[in-house]
Amino acid sequence: MALHLTSSIRGRDAILPQGHERREFHVRARVSMTSGAWPEGLVCLAGTAATWVGAHRSRMARSQRSRRSNGKTSEVFQPFWEGFAVQPSWHERALDVAEVPGAGRGWVARRQVQKGELLLSIPRVAAIEVDMDEDMEGWEAELALNVLRRLDRLGPAADPRLRQKHELQALWQDYAKTFPEAPAGAAFWPQDAIITLGWPATVEQLLAYSQQIQESAQWVSGNGNVPRDAACWAVSAVITRSFAVDDEVRAMIPLADIFNHEPRSASSDVHEVAWSLEGDRFEVHAPQTVMPGEEVRICYGEESAAELLAVHGMVLPKNEADYLEVFESVEDLVAAVESICGAPRRDRLARLEVIPVDDLLVRPGRLEASEPLLRALQAMLCEDDELCDPGERRLRLVCSEERQQSLRLEALLLLAQILRGALRVIQDMPDAGSPDLAVRYRRHVAEMLNQFVREANDASSAGVLKRLFRRKRRCCVGETVIT
Ligand SMILES: C[S@@+](CC[C@H](N)C(=O)[O-])C[C@H]1O[C@@H](n2cnc3c(N)ncnc32)[C@H](O)[C@@H]1O
């Protein structure tokens, strides 16, 4: 049976420790931003990731992560490896636990590891699980309570039926001591700290997710009769260290939770399935070939910077799965275009509604990464008769090649103008009073916006020059597929 991350990775099988289900993250809560200084029409809300072609991590980056394993760190895990009956045997293992700067501990190759090689095989009985159907929300509460039960940490007034004796209880109690003592995710921050993240869509997502997490902690605290801190610890442990299995089960799997995250987009060719459930054992296979001393990382899912921050409290320098939600809906996009260009477009809304909200995102990297948003803008800017609806919820731009280029240029300049406004707001936010991670997140957002604006400037000056010097040629009718 294949295991997969329920909604973040579409159409592919994988098992990934993941902080939350994307659909849960998208619970919406209206936020009134304090600044009021956002460019008119720029409303940011949750959306989901669309695929895009991103750069793959370089050999250089991998070798920078190479770590000599410290024998002592690894040996701490020998009793767990043997006690949980992990295979292959401790002496035949391909990996060591090592300290990885900036990432806590991670699994490092003791020898060359071949892509697809079996790294860990863990009996299912060693895991702590919760059943999970498609619509189950708040799974983290149930799994956190199960963790506290397994650790025998329920309070005296908890329902006695929840008490559980398990053969691996003592081992789990020791194993759990290796977890971080306090939650690191921004979902546990107070509301005013979350607001300092600055980007409206992120703030909105985080506030909604934080509310869900707080409610889960409340439920765990009540049902387990444990202090709030203990409940938050357990919820944080399960959202940072559990694995989704076929949309049916969520599991804390000892030793498998030591793999660190490798951010990758859906289109990455190294985005291989690392996990499977074979019979009554969880298996982890190497997602790619790794040299001795290099860390083996797996992809937790297509997590944006905001999602990683919410769950894990980390802002990674490079994340090809990242995105920024610029418009909440096509209607917001229309409003932005109208307010900047002064051209009414509302009557086109019905036709434009086929554009998925997933397209209204800015992504890091070259302009091509944000192509769906640029195409949506072109559909907004063109004349009525240049837009063709061939049915099946598709839209096409049908006009001369030259006209298409000019529309693309217009779209680029318009989006750059909108993003420049957003950039100013982000950059003007004072660092004082914001958690360090919020400042890092805002810098990350500013960097992404700056990159887009730079690229747009370069592309538009190249485009203008091309048009100025273009020799007269016959215009042929071209087609651009919008959706
Ligand atoms: C599943 S655990 C991985 C093992 C963890 N490093 C440890 O020491 O126990 C997930 C946590 O590891 C850290 N982590 C995972 N991937 C990381 C990365 N690429 N960079 C920095 N920290 C990372 C985060 O703290 C995250 O919440």
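A quick note: this is a predicted structure, and the numbers were derived from the prediction, not measured. (Residues numbered from 1 in each chain as written. Predicted model: local features only at pLDDT ≥ 70, side-chain atom pairs only at ≥ 80, totals over all residues. Heavy atoms only, no water.)

1. Examining the sheet that holds strand β8 (residues 281-285)
Step number 1: If you trace the three strands from one edge of the open sheet to the other, you get β3-β8-β7, paired in antiparallel fashion. Looking at which strands have only one partner, the edges of the open sheet turn out to be β3 (118-123) and β7 (275-278). Direction aside, the axes of adjacent strands within the sheet are offset by 20° on average.
Step number 2: Pairing of β3 with β8 involves five bridges; the strand directions are antiparallel. (Pairing = 2+ DSSP bridges. Helix = DSSP H or I, 4+ residues; strand = E, 2+ residues; numbered from the N terminus. Axes fitted to C-alpha atoms, helices over the stretch in contact; angles between N-to-C directions.)

2. Describing the nonpolar core
Step number 1: With 138 residues, the main nonpolar core has Phe84, Leu120, Trp199, Leu255, Phe259 and Tyr441 as its most contacted residues.
Step number 2: Ranked by residues supplied to this core, first place goes to helix α14 (residues 401-428) with 11 residues.
Step number 3: When residues are assigned to domains, this core turns out to be shared by domain 1 (22-312) and domain 2 (326-481), each giving three or more. (Core = buried A, V, L, I, M, F, W, Y, C linked by side-chain atoms within 4.5 Å. Buried < 20%, exposed > 50% of the residue type's maximum accessible area, 1.4 Å probe, protein only. Domains from an automatic or database assignment.)

3. As for the environment of Ala85
Step number 1: Considering the arrangement of structural elements, one finds Ala85 in the loop between α4 (78-83) and β1 (95-99).
Step number 2: With relative accessibility at 39%, the residue Ala85 sits in the partly exposed group.
Step number 3: In this structure, Ala85 is in contact with Ser121, Pro123 and Arg281, ignoring residues within four places of it in sequence. (Contact = heavy atoms within 4.5 Å.)

4. Points about the site of the ligand
Step number 1: Within the structure, the ligand sits among 16 residues, and Ala103, Arg105, Arg241, Asn260 and His312 are positioned closest to it.
Step number 2: In this structure, Arg105 approaches the ligand through a side-chain N or O atom, which is 2.4 Å from an oxygen atom.
Step number 3: Contacts to the ligand include His261, whose backbone N or O atom sits 2.8 Å from a nitrogen atom.
Step number 4: Residue composition of the shell around the ligand, grouped by class: six nonpolar, six polar and four charged. (Near = heavy atom within 4 Å. Polar contact = N/O pair within 3.5 Å; in protein donor to acceptor, adjacent residues only side chain to side chain. Nonpolar A, V, L, I, M, F, W, Y, C, P; charged D, E, K, R; others polar.)

5. What about unusual backbone geometry?
Step number 1: In this chain, Gln87 is followed by Pro88 through a cis amide linkage whose omega measures -5°.
Step number 2: Its location among the elements puts Pro88 in the loop between α4 and β1.
Step number 3: At Ala85, a residue that is not glycine, the phi angle is positive and equals roughly 60°.
Step number 4: Unusually for a residue other than glycine, Leu255 sits at a positive phi of about 75°.
Step number 5: Considering the arrangement of structural elements, one finds Leu255 in the loop between β6 (249-252) and β7.

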